[in-house]
Amino acid sequence: MYEINKIIKKIRDDNKLTQTEFAAFLSVSHQTVSSWERARTRPTLVMLKKISQSFNIPLSKLLPVDKVPKKSKRDLDKEKLAHAFLCLLSRSDMRNVTMQDIILESGLSPHYVSSLFSTPLDMVDCKN
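Residues numbered from 1 in each chain as written. Predicted model: local features only at pLDDT ≥ 70, side-chain atom pairs only at ≥ 80, totals over all residues. Heavy atoms only, no water.

**Student:** Tell me what's going on with unusual backbone geometry, and back it up with residues and numbers.
**Tutor:** In this structure, Ala 39 is a non-glycine residue whose phi angle is positive, near 60 degrees. Turning to its location among the elements, Ala 39 is positioned in the loop between helix 3 (30-37) and helix 4 (45-54). Look at Asn 56: it is not a glycine, yet its phi comes out positive at around 55 degrees. Inspection of the secondary structure puts Asn 56 in the loop between helix 4 and helix 5 (59-62). A relative accessible area of 70% places Asn 56 in the exposed class. (Helix = DSSP H or I, 4+ residues; strand = E, 2+ residues; numbered from the N terminus. Buried < 20%, exposed > 50% of the residue type's maximum accessible area, 1.4 Å probe, protein only.)

Right, here's the structure in full:
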């Protein structure tokens, strides 16, 4: 279960700050910090980002799982494509890699992969 109140209190305690000192650091009132720690209210996303940056904590540690931005299909496809290139590069001479190799390695549709490259020469510079 997402318990930002406990996370905020731990951050404050780990940094040996009172609620007043923690509040001053974030430019909020000590009552606001108290309200967060008692789970009466929650900090805004902007405030969570400020806490993350101020105390060098990944924002993902402060966000509930359902609030972490999901990667778009396009971003996932780009990752698959990059992974395919790295796999193929580690196994063979890139001058012999075909569009079909990339399609098979990435698992992406032939139409999508071919839309990224005008010709197979766009994949790599074969003149080197």
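Here the narrative resumes, following the displayed structure.
**Student:** Tell me about the environment of Lys 61, and please be specific about residues and values.
**Tutor:** With respect to the secondary-structure elements, Lys 61 resides in helix 5. For Lys 61, a relative accessible area of 56% translates into the label exposed. Counting along the chain gives 13 residues from Lys 61 to Leu 48, while the straight-line C-alpha distance between them is 9.8 Å.

**Student:** Just give me the short version of the packing of helix 2 (residues 19-26) against helix 3, but keep the residues and values in it.
**Tutor:** A pair of packed helices is captured by two measures, namely the crossing angle of their axes and the spacing between those axes. The interhelical angle for the contact between helix 2 and helix 3, taken along N-to-C directions, is 110 degrees, at an axis separation of 8 Å. The orientation of helix 2 with respect to helix 3, classified from their angle, is roughly perpendicular. Along its contact with helix 2, which presents Gln 19, Thr 20, Phe 22, Ala 23 and Leu 26, the element helix 3 presents His 30, Val 33, Ser 34, Trp 36 and Glu 37. When the residues that make up the contact of helix 2 with helix 3 are grouped by side-chain class, the tally is five nonpolar, four polar and one charged. (Axes fitted to C-alpha atoms, helices over the stretch in contact; angles between N-to-C directions. Parallel < 35°, antiparallel > 145°, perpendicular 65-115°, else oblique. Contact = heavy atoms within 4.5 Å. Nonpolar A, V, L, I, M, F, W, Y, C, P; charged D, E, K, R; others polar.)

**Student:** Pulling in residues and values, what's your account of the pattern of salt bridges?
**Tutor:** Inspection of the entire model under this criterion finds six salt bridges. The salt bridge involving Glu 3 is made with Lys 6; its shortest N-O contact spans 3.1 Å. One salt-bridge network, in which partners are shared between bridges, spans Lys 9, Arg 12, Asp 13 and Glu 37. (Salt bridge = Lys/Arg side-chain N within 4 Å of Asp/Glu carboxyl O.)

**Student:** Pulling in residues and values, what's your account of the packing of aromatic side chains?
**Tutor:** Considering all chains together, one arrives at two aromatic pairs under this definition. For the ring pair Phe 22 and Phe 55, a centre distance of 5.4 Å and an interplane angle of 25 degrees mean the geometry is stacked. Here Phe 22 is found in helix 2, whereas its partner Phe 55 is found in the loop between helix 4 and helix 5, with 33 residues between them in sequence. There is no split in this pair, since Phe 22 and Phe 55 are both buried. Taking the centre distance of 5.2 Å and the plane angle of 45 degrees together, the rings of Phe 25 and Phe 55 count as tilted. Pair noted here: Phe 25 is in helix 2 and Phe 55 is in the loop between helix 4 and helix 5, with a separation of 30 residues, a long-range link. Judged by relative accessible area, Phe 25 falls into the partly exposed class, the value being 47%. Look at Phe 55 and you get buried, because its relative accessible area is 14%. Here the aromatic residues Phe 22, Phe 25 and Phe 55 are joined through ring pairs into a cluster of three or more. (Phe/Tyr/Trp six-rings, centres within 6.5 Å; stacked < 30°, edge-to-face > 60°.)

By themselves, these observations are geometric and do not establish any function.
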